[in-house]
Every structure is written in C-alpha cells, then in structure tokens.
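So you can see what is in the structure, the chains are spelled out below.
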Amino acid sequence: DAGITQSPRHKVTETGTPVTLRCHQTENHRYMYWYRQDPGHGLRLIHYSYGVKDTDKGEVSDGYSVSRSKTEDFLLTLESATSSQTSVYFCAISDPGLAFYEQYFGPGTRLTVT
Amino acid sequence: AQSVTQPDIHITVSEGASLELRCNYSYGATPYLFWYVQSPGQGLQLLLKYFSEDTLVQGIKGFEAEFKRSQSSFNLRKPSVHWSDAAEYFCAVGALNQAGTALIFGKGTTLSVSS
C-alpha cells in the first residue's frame, strides 16, 4: 500500500469553526489531491497540488483552501465549517513517473459538522 | 465535458457466479480509465488502469476490464465472484492536466454477494 496517512481520522466540529485536515505521504510523489465523498455523488475533486506551493482548484473548491509547504504534506482547511461540509475526505497522490498517472488514496477522514 | 456513468447502483450476485459492472464515459480524446474498489470504512484501492493499449486489461484480485471505443465503455468483469468481493466499485476517467490526471468518478456500484 502507498504510504499515505490522514489525520485526524474522525472529527466532529461545530458550525463556524475552522478545521484543518492533514495528508502526509512517504512516497515523494509530486502530485497530491483532496476529494470529498458523499452518498450518491461518488468522489469530487476539491483542490490539487502539482508541486510545493503550487495548487489549483477542483470541481467543488468553494469554502476550502489548501497549502503545501513540503512535498510530503498537503493541508485542507475549512475556514468556517458548515453542515454542508459534513463528508468523508480523501487524499490521493500521484507522480509523473507513473505510466498511467494513477492515483493512490489515503484511508480518509470522516468529518461531521454540527 | 468529461463524465462517467455507472448505470447500476446496486447489483447482487451469487458466490461463484460471474460479474460484469458497467461503465460508460464521455471524453473527446483517448482516455485514461480506472476502476477502484472501496470496502466499507476503507479508502479506495486501484483495481486496474488503462490507456491506449490492449482492449482487455488485467487487474488485481482476478478482475479484468474491456475497453470498447465504439461504445465508450469500460466494463469490469470477474469470472467467479467471492464473498470478499462485496464492496463499492468506482469507474473513473482521467484527463491530463498540470497535476497528472484530473479524475472524474462515476457514482459507484455497490456489489452484494449472496451465498
């Protein structure tokens, strides 16, 4: 399995509070991604990174920001959590050295906003 | 715009029977295509991947998928299903961007295995 960890694995927070989720990889892969998974929607891309300090928006980026100061860490921040951000969040990694640019996923973080 | 359709939300198969999960995609060029599996409470595991080579692709756990360009399909198959195959299966199409491939996922098919 790819060396990807996510922390925390579970979190309950209140509406309006800031929340930061962390993705850490030991594969030295260049690309990193944040997805959210909701019933009936599959996975949707929030933000991605193509290098240290290089990030861009995905399909559902409103209300989220990201930062990548080191190759191994990719942080997802909810500046002011809302109930619509209750979801399971997955981090994924990839690299230009992979023939199919396939992505490998972390174990996920279940976030509940009350 | 890219899109992926998995027409079957839920399928039940008897243990030992064959399996086919359907996936149709919309993409203007030759796509990168993937199948992932997710067991309850787990992350996604890559089953197989495809780009522009043989039309029949072999993956892990005895799964294979056939690419049919004329039908814009990439169906997943397994000759004999085991109870441990019960999970949710996602098809995804990827388009190259500055960060590898931007994956668009289907909404998933849940597989139940009956004894």
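Note: the structure precedes this text.
A short tour of the structure in this document, coming up. (Residues numbered from 1 in each chain as written. Chains lettered and ligands numbered in written order. Predicted model: local features only at pLDDT ≥ 70, side-chain atom pairs only at ≥ 80, totals over all residues. Heavy atoms only, no water.)

1. So, the side chain of Arg36 of chain A
All names here are of chain A.
Here is step 1: Mapped onto the fold, Arg36 is located in strand 4 (residues 31-38).
Here is step 2: Owing to a relative accessible area of 8%, Arg36 belongs among the buried residues under this scheme.
Here is step 3: Among the polar contacts listed, one links the side chain of Arg36 to the side chain of Asp38, at a separation of 2.8 Å.
Here is step 4: Every residue in contact with Arg36, bar those within four places of it in the chain, is listed here: Gly42, Leu43, Arg44, Ile46, Val60, Tyr64, Ser84, Gln85, Thr86, Ser87, Val88 and Tyr89. (Helix = DSSP H or I, 4+ residues; strand = E, 2+ residues; numbered from the N terminus. Buried < 20%, exposed > 50% of the residue type's maximum accessible area, 1.4 Å probe, protein only. Polar contact = N/O pair within 3.5 Å; in protein donor to acceptor, adjacent residues only side chain to side chain. Contact = heavy atoms within 4.5 Å.)

2. A short note on the packing of aromatic side chains
Here is step 1: On inspection of all chains with the given rule, the structure shows 16 aromatic pairs over all chains.
Here is step 2: Both rings, one in Tyr32 of chain B and one in Phe51 of chain B, keep their centres 4.1 Å apart while their planes meet at 10°; by these two values the pair is stacked. Placement of the pair is Tyr32 of chain B in strand 5 (residues 32-38) and Phe51 of chain B in the loop between strand 6 (44-50) and strand 7 (56-58), with a sequence separation of 19 residues.
Here is step 3: Judged by its relative accessible area of 8%, Tyr32 of chain B falls in the buried class.
Here is step 4: Owing to a relative accessible area of 27%, Phe51 of chain B belongs among the partly exposed residues under this scheme.
Here is step 5: Grouped by ring-pair contacts, the aromatic residues Tyr33, Tyr35 and Phe105 of chain A together with Phe34, Tyr36, Phe90 and Phe105 of chain B constitute a single cluster. (Phe/Tyr/Trp six-rings, centres within 6.5 Å; stacked < 30°, edge-to-face > 60°.)

3. Let's talk about the sheet that holds strand 8 (residues 73-78) of chain A
Sheet strands pair via backbone hydrogen bonds, and the direction of the pair is either parallel or antiparallel.
All names here are of chain A.
Here is step 1: Here we have 4 strands laid out as an open sheet, ordered 1-3-8-7, and antiparallel in their pairing. Of all strands in the sheet, those bounded by a partner on one side alone are strand 1 (4-7) and strand 7 (64-70). The sheet shows a mean angle of 20° between the axes of neighbouring strands, direction not considered.
Here is step 2: Both strand 3 (residues 19-25) and strand 8 contribute to a ladder of 6 bridges, which runs antiparallel. By the bridge assignment for strand 8, Val19 is matched with Leu78. (Pairing = 2+ DSSP bridges. Axes fitted to C-alpha atoms, helices over the stretch in contact; angles between N-to-C directions.)

4. Brief notes about the state of the cysteines
By definition, a disulfide links the sulfur atoms of two cysteines through a covalent bond.
Here is step 1: In the structure shown here, the tally under the stated rule is 2 disulfides over all chains.
Here is step 2: Each sulfur in the disulfide pair Cys23 of chain A and Cys91 of chain A lies 1.9 Å from the other. Across the S-S bond linking Cys23 of chain A and Cys91 of chain A, the dihedral sits near -70°, which makes this disulfide left-handed. Of the two residues, Cys23 of chain A is situated in strand 3 and Cys91 of chain A in strand 9 (residues 87-94); the sequence distance between them amounts to 68 residues. Summarising the burial analysis for this pair, Cys23 of chain A and Cys91 of chain A share the class buried.
Here is step 3: Shown here is the disulfide that connects Cys23 of chain B with Cys91 of chain B, its sulfur atoms set 2.0 Å apart. (Disulfide = S-S within 2.5 Å.)

5. With respect to the side chain of Gln6 of chain A
Residue and element names in this part refer to chain A.
Here is step 1: Along the chain, Gln6 turns up in strand 1.
Here is step 2: Polar contacts involving the side chain of Gln6 include one to the main-chain carbonyl oxygen of Tyr89, which spans 3.0 Å.
Here is step 3: Reaching out from Gln6, the side chain makes a polar contact with the backbone nitrogen of Cys91 at a distance of 3.1 Å.
Here is step 4: The contacts of Gln6, once residues within four sequence positions are left out, are Arg22, Trp34, Tyr89, Phe90, Cys91, Gly106, Pro107, Gly108 and Thr109.

6. A few points about unusual backbone geometry
Most peptide bonds take the trans configuration, and most residues that are not glycine carry a negative phi.
Here is step 1: Here the bond from Ser7 of chain A into Pro8 of chain A is cis, since omega is -10°, no more than 30 degrees from zero.
Here is step 2: Looking at the element boundaries, Pro8 of chain A is found in the loop between strand 1 and strand 2 (10-13).
Here is step 3: With a phi angle near 60°, Lys61 of chain B is a residue other than glycine that sits in the positive phi range.
Here is step 4: Positionally, Lys61 of chain B belongs in the loop between strand 7 and strand 8 (64-68).
Here is step 5: One non-glycine residue, Ser72 of chain B, lies in positive phi territory at about 50°.
Here is step 6: Within the element layout of this structure, Ser72 of chain B appears in the loop between strand 8 and strand 9 (73-78).
Here is step 7: Given the relative accessible area of 26%, Ser72 of chain B is considered partly exposed.

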